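What the coordinates show
Given next are the chains, with one letter for each unit.
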Amino acid sequence: MSAYKTMSFHLETERLILRPWAESDAAEFCALLAERGKGTPTVEHIRTAIGKLLAGTAATGIALLPVQRRDEGDFIGYCGLITGRTTLEEPEIAYELFQRVHGHGYATEAAGAVLDAAVATGRKRLWSTVGTWNTPSLRVLEKLGFERDHVSTEDSGEVAWLTRSLT
């Protein structure tokens, strides 16, 4: 049994809805990942990945959630908590949005809602890891009160490790 409360899996902001994954998200999720420029995964591969995300959510009590705009109802990316390079006790906040919606404050808005959900679980600290080249993402984290802890070098380049106290 975890020492932490389960994260809310349905979050709403003024302009956004963050909700659990559905199989119907697979095609849009493929398109989002294709924007990375490293090829397009198959819809079947993404359906399997969505199944793993849902199973992970059930096992850990934290979630990476699809983000959709409230008025338009369209899938624009994801945001949530993961244990990518960190631990379940101090998870990472992660987000990725379609390039077409960058510059409208959606990442900050979605991540702010996830930050509030993380506080409600009783956690004391969150991490984020971001390529040092990703100035817009680093700016989002700065707006949310994250501070740089250290930098590591990985195959993909330099990675900034940022942290934020939740207490």
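Residues numbered from 1 in each chain as written. Predicted model: local features only at pLDDT ≥ 70, side-chain atom pairs only at ≥ 80, totals over all residues. Heavy atoms only, no water.

1. Some remarks on the packing of aromatic side chains
- Counted by the stated rule, this structure contains five aromatic pairs.
- The interplanar angle of 50° and the centroid separation of 6.1 Å between the aromatic rings of Trp 21 and Phe 75 together place this pair among those described as tilted. Taken together, the residues Trp 21 in the loop between β2 (16–18) and α1 (26–34) and Phe 75 in strand β4 (residues 75–82) connect sequence positions 54 residues apart.
- Assessed through its relative accessible area of 7%, Phe 75 is described here as buried.
- Here the aromatic rings of Trp 127 and Trp 161 are separated by 6.0 Å at their centres, their planes lie at 80°, and the arrangement is edge-to-face. Here the residue Trp 127 occupies a position in strand β6 (residues 125–131), and Trp 161 occupies one in strand β8 (residues 157–165), the gap between them amounting to 34 residues. Neither residue differs from the other here; Trp 127 and Trp 161 are each classed as buried.
- Put simply, the rings of Trp 21, Phe 29, Phe 75, Tyr 78 and Phe 98 touch in pairs and so form one group of aromatic residues. (Phe/Tyr/Trp six-rings, centres within 6.5 Å; stacked < 30°, edge-to-face > 60°. Helix = DSSP H or I, 4+ residues; strand = E, 2+ residues; numbered from the N terminus. Buried < 20%, exposed > 50% of the residue type's maximum accessible area, 1.4 Å probe, protein only.)

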